[in-house]
Structure formats: C-alpha cells, structure tokens
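Topology and contacts: notes
Chain residues, written in single-letter form:
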Amino acid sequence: MRVVGIDPGLRNLGWGVIDAEGSRLTHIANGVCKSQGADLAERLLSLHRQLTEILNRFSPEAAAVEQTFVNKDGAGTLKLGQARGIAVLVPAQFGLAVGEYAPNTVKKTVVGVGHADKVQIAHMVKVQLPGAEIAGPDAADALAIAICHAHHVRMPAMRRVGT
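Description of the structure in this document. (Residues numbered from 1 in each chain as written. Predicted model: local features only at pLDDT ≥ 70, side-chain atom pairs only at ≥ 80, totals over all residues. Heavy atoms only, no water.)

Remarks on the packing of helix α1 (residues 40–58) against helix α2 (residues 74–93)
- In contact at an axis separation of 9 Å, α1 and α2 are set at 35° when each is read in the N-to-C sense. Pair α1 / α2 crosses with right-handed handedness. Residues Leu40, Leu44, Leu47, His48, Leu51, Thr52 and Leu55 of α1 form the contact with α2, whose own contacting residues are Gln82, Ala83, Ile86, Ala87, Leu89, Val90, Pro91 and Gln93.
- Within the contact of α1 with α2, the residues separate by chemical class into 11 nonpolar, four polar and no charged. (Axes fitted to C-alpha atoms, helices over the stretch in contact; angles between N-to-C directions. Helix = DSSP H or I, 4+ residues; strand = E, 2+ residues; numbered from the N terminus. Left-handed = near helix turned anticlockwise from the far one by under 90°. Contact = heavy atoms within 4.5 Å. Nonpolar A, V, L, I, M, F, W, Y, C, P; charged D, E, K, R; others polar.)

Given below as structure tokens:
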C-alpha cells in the first residue's frame with residue numbers, strides 16, 4: 001500500500017510518501033509545498049496545485065492528514081484550517097479515503113510517547129525509513145503521519161487474522 005502523509009500548513013505543507021508491505025516500510029519521497037501568492041486565495045490555490053502534482057506523480061492508494069489543534073490565535077487557527085481543507089480535499093479528489101490522526105497519536109505511534117518533540121520525531125522517522133533524506137521538519141512530520149496510518153490500517157487486519 002502506498003501512503004501519502006500530509007502535515008497541513010498555510011506557509012509550508014509537508015508531505016511524505018511511503019510504501020507499506022506488511023511490517024516493512026519503504027521511503028519513496030518527501031518534501032514541502034511552499035504557498036505562493038499575495039492573498040489567501042492565491043496561497044491556497046498554489047498549495048492545491050502542488051499537492052495535486054504530488055499525488056499525480058506518486059499515485060498513493062491511501063492518505064493521512066494530521067488533525068489541527070485550536071490555539072490562542074483564532075485567526076491563525078482559521079487559516080491553518082483552510083490549509084487543512086486543501087490537505088483533505090486533494091486526496092478526496094483522487095478518490096482516496098483520508099485517515100485523520102491527532103498529533104499525540106502520531107507521536108505515540110512513531111516515537112512511543114505522545115509528547116515527543118520535532119527532533120525526536122525526525123530521528124525515529126529516519127530509524128524507520130533508513131536512508132531517507134528528509135526535506136525538513138514539516139516533511140518529517142508528514143512521513144510520521146504516513147507511518148502512523150500504515151500502522152493503524154495494518155493493525156485491524158492483523159487482529160482479524162488471529163481471530
């Protein structure tokens with residue numbers, strides 16, 4: 001199963017693509033979409049176009065997006081929510097179901113603790129995807145989201161086999 005993980009952001013939208021075959025994970029690609037444009041609509045459109053190109057290029061079979069959290073800055077939260085809308089919309093346009101995971105779930109799955117920092121996440125992503133050159137913290141987070149999805153999708157199937 002090929003999985004694209006997406007870490008939503010209005011300035012920088014991280015993405016990572018992995019292949020999951022049983023418990024074996026293989027890094028395919030990762031990067032960061034940087035929004036361009038003078039206003040919000042142009043920036044969202046540029047993210048949409050870039051993410052569409054990534055899905056066209058790598059043909060994932062599944063997608064996963066990190067859930068956003070509400071912070072003290074209401075306007076910032078709304079803008080992040082709009083970028084998250086792009087992150088959910090583009091895979092849906094490709095007919096993909098989108099798994100959504102809370103940040104603590106991603107961290108617990110990849111690192112083993114729910115309050116890991118970005119350095120710990122990047123380290124564990126490199127451990128689980130040996131040889132991967134990671135394009136930065138946003139891309140590392142996106143790969144962690146893809147890894148989380150691969151583990152959560154696989155676990156129910158493993159339980160069914162054992163019953």
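Re unusual backbone geometry
- Within the chain, Ser59 stands out as a residue other than glycine whose phi angle is a positive 45°.
- Mapped onto the elements, Ser59 comes out in the loop between α1 and β4 (62–66).

Quick look at the pairing of strand β2 (residues 12–21)
- A large share of β2 lies buried, amounting to seven of its 10 residues.
- Pairing of strand β1 (residues 2–7) with β2 involves six bridges; the strand directions are antiparallel. Bridge assignment links Gly5 to a residue of β2, and that residue is Gly16.
- The turn joining β1 and β2, which pair antiparallel and follow one another in sequence, is formed by four residues.
- Pairing of β2 with strand β3 (residues 24–34), which is carried by 10 bridges, proceeds in the antiparallel orientation. Bridge pairing in β3 links Glu21 to Arg24.
- Counting the residues in the hairpin turn of β2 and β3 gives two residues, including Gly22, whose phi is positive at 65°. (Buried < 20%, exposed > 50% of the residue type's maximum accessible area, 1.4 Å probe, protein only. Pairing = 2+ DSSP bridges.)

Observations regarding the environment of Gln67
- Turning to its location among the elements, Gln67 is positioned in the loop between β4 and α2.
- The exposure class assigned to Gln67 is partly exposed, which follows from its relative accessible area of 31%.
- Taking the C-alpha atoms as reference, Gln67 lies 20 Å from Arg43; in sequence the two are 24 residues apart.
- For Gln67, the contacting residues outside a window of four places in its chain are Arg84, Glu100, Tyr101, Ala102 and Pro103.
- Polar contacts involving the side chain of Gln67 include one to the main-chain amide nitrogen of Ala102, which spans 3.4 Å. (Polar contact = N/O pair within 3.5 Å; in protein donor to acceptor, adjacent residues only side chain to side chain.)

A closer look at the pairing of β1
- Of all six residues that make up β1, five are buried, and the element is covered over most of its length.
- In this structure, β1 lies alongside β4, joined through four bridges in parallel fashion. When the bridges of β4 are listed, Ile6 appears paired with Val65.

Quick look at the packing of aromatic side chains
- Considering all chains together, one arrives at one aromatic pair under this definition.
- With 5.7 Å between their ring centres and 35° between their planes, Trp15 and Phe58 make a pair best called tilted. In this pair, Trp15 is assigned in strand β2 and Phe58 in helix α1, connecting sequence segments 43 residues apart. (Phe/Tyr/Trp six-rings, centres within 6.5 Å; stacked < 30°, edge-to-face > 60°.)

Thoughts on the sheet that holds strand β5 (residues 98–101)
- Read from one edge to the other, the open sheet built from five strands follows the order β3-β2-β1-β4-β5, with strand pairing classed as mixed. The sheet terminates laterally at β3 and β5, the two strands that pair on one side only. Going from strand to strand, the sheet's axes swing by 20° on average, the running direction of each strand aside.
- Running at roughly 155° to β3, α1 makes contact with β1, β2 and β3 of the sheet.
- The strands touched by α2 are β1, β2, β4 and β5; relative to β4, the strand with the most contacts, the crossing angle is about 170°.

Treat this as a map of the structure, not an account of what it does.
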